[in-house]
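Letter by letter, the chains look like this.
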Amino acid sequence: TKKRKGEKKMKKITTLVLSLVLVLAMSITAFAATPNDDVKAALKEAGVTGEYYDQAVKFLANNELTAEQAEAVVYQVKEAKKNAGDAKSVADLSADQISKIKTNITIAANAVGAKVSFANKTISVTDAKGTQYTVSSNPVKATGATTTATVAGIAVLAMGLVACGVAVSKKRFA
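Engineer: Break down the overall build of the protein for me, with residues and values.
Structural biologist: Helix and strand content of the protein: 6 helices and 3 strands. Seen in sequence order, the protein has helices and strands lined up from the N terminus as α-α-α-α-α-β-β-β-α. For the protein, with 174 residues in total, the buried portion stands at 20%. In the protein, 50% of the contacts between residues at least 6 apart in sequence involve partners at least 24 apart. For the protein, the accessible surface area stands at approximately 13200 Å², while carbon and sulfur atoms represent 63% of it.

Engineer: Tell me what's going on with helix α3 (residues 50-62), and back it up with residues and numbers.
Structural biologist: Here α3 contains 13 residues, and its C-alpha end-to-end distance of 19 Å stays within 8% of the 18 Å for a straight helix at 1.5 Å per residue. Inspection of α3 places Tyr53, Gln55, Ala56, Phe59 and Leu60 among the buried residues, and these make up the whole buried set. Buried positions in α3, seen along its axis, are confined to an arc of 165° and lie on one side of it. On its buried side, α3 packs onto α2 (35-45), β2 (122-126) and β3 (132-136).

Engineer: So what's going on with the packing of α2 against α3? Which residues, and what values?
Structural biologist: At their nearest, the axes of α2 and α3 sit 10 Å apart, and the two run at 175° to each other. In this view, α2 runs roughly antiparallel relative to α3, as classed from their interaxial angle. Two secondary-structure elements touch here, α2 through Asn36, Val39, Lys40, Leu43 and Lys44 and α3 through Tyr53, Ala56, Val57 and Leu60. Partitioned by chemical class, the residues of the contact of α2 with α3 number 6 nonpolar, 1 polar and 2 charged.

Engineer: Which residues make up the packing of aromatic side chains, and what values do they have?
Structural biologist: A full pass over the atoms with the stated rule returns 1 aromatic pair. Note on Phe59 and Tyr133: the rings are 5.3 Å apart at their centroids and 70° apart in plane angle, and the pair reads as edge-to-face. Within this pair, whereas Phe59 is found in helix α3, its partner Tyr133 is found in strand β3, the two being separated by 74 residues in sequence. The two residues Phe59 and Tyr133 agree in class, both being buried.

Engineer: Please set out the pairing of β2 residue by residue, giving values where relevant.
Structural biologist: The sheet contact formed by strand β1 (residues 115-119) and β2 spans 5 bridges and is antiparallel. The residue of β2 that forms the bridge with Ser117 is Ser124. If you look at the hairpin formed by β1 and β2, you'll find 2 residues sitting between the two strands, and Asn120 has a positive phi there, around 45°. Two elements, β2 and β3, share 5 bridges in a ladder whose sense is antiparallel. Looking at β3, one finds that Val125 is bridged to Tyr133. The turn joining β2 and β3, which pair antiparallel and follow one another in sequence, is formed by 5 residues; a positive phi near 95° is taken by Gly130.

Calculation notes
- Residues numbered from 1 in each chain as written.
- Predicted model: local features only at pLDDT ≥ 70, side-chain atom pairs only at ≥ 80, totals over all residues.
- Heavy atoms only, no water.
- Helix = DSSP H or I, 4+ residues; strand = E, 2+ residues; numbered from the N terminus.
- Buried < 20%, exposed > 50% of the residue type's maximum accessible area, 1.4 Å probe, protein only.
- Contact = heavy atoms within 4.5 Å.
- Areas by Shrake-Rupley, 256 points an atom, 1.4 Å probe, with all protein chains shown as cover.
- Expected span 1.5 Å × (residues − 1).
- Arc of directions from axis to C-beta.
- Axes fitted to C-alpha atoms, helices over the stretch in contact; angles between N-to-C directions.
- Parallel < 35°, antiparallel > 145°, perpendicular 65-115°, else oblique.
- Nonpolar A, V, L, I, M, F, W, Y, C, P; charged D, E, K, R; others polar.
- Phe/Tyr/Trp six-rings, centres within 6.5 Å; stacked < 30°, edge-to-face > 60°.
- Pairing = 2+ DSSP bridges.

This is how it looks when you write it as structure tokens:
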């Protein structure tokens, strides 16, 4: 009986130790997000993509924000999202919405010690180190064939058809 009690006690201790080892082995180390990560997440949540997001990431890679700065920027990003309303692109924004969003961008830039300027559909942000980050507010580039190239292509095809017709008719009459 003493032997059984000792075995039961040992089994309980072994079970407890194994359970503890399993818990420690299966736990995942969690790292706190940096203030810069908070800003990136807010930009993504607001729907900022493409060139705008890329330039913001470049800025953040060169400028580590404090928690207070990140909080101020995140707030302005959320306000800009509210000001944009249902607009899907810059072209869908009214002049009033654009004005309000420019104000949000300026306040966010000031919060991180940067200067911002708006000129000719371009947004330029200069950080405290003097590095400039520029984004065109119309990042869609015209692609594809131009009208001249299309007309020239059709003319070449037409001449090819005429040449084929002449060759066929010469064979018939020869």
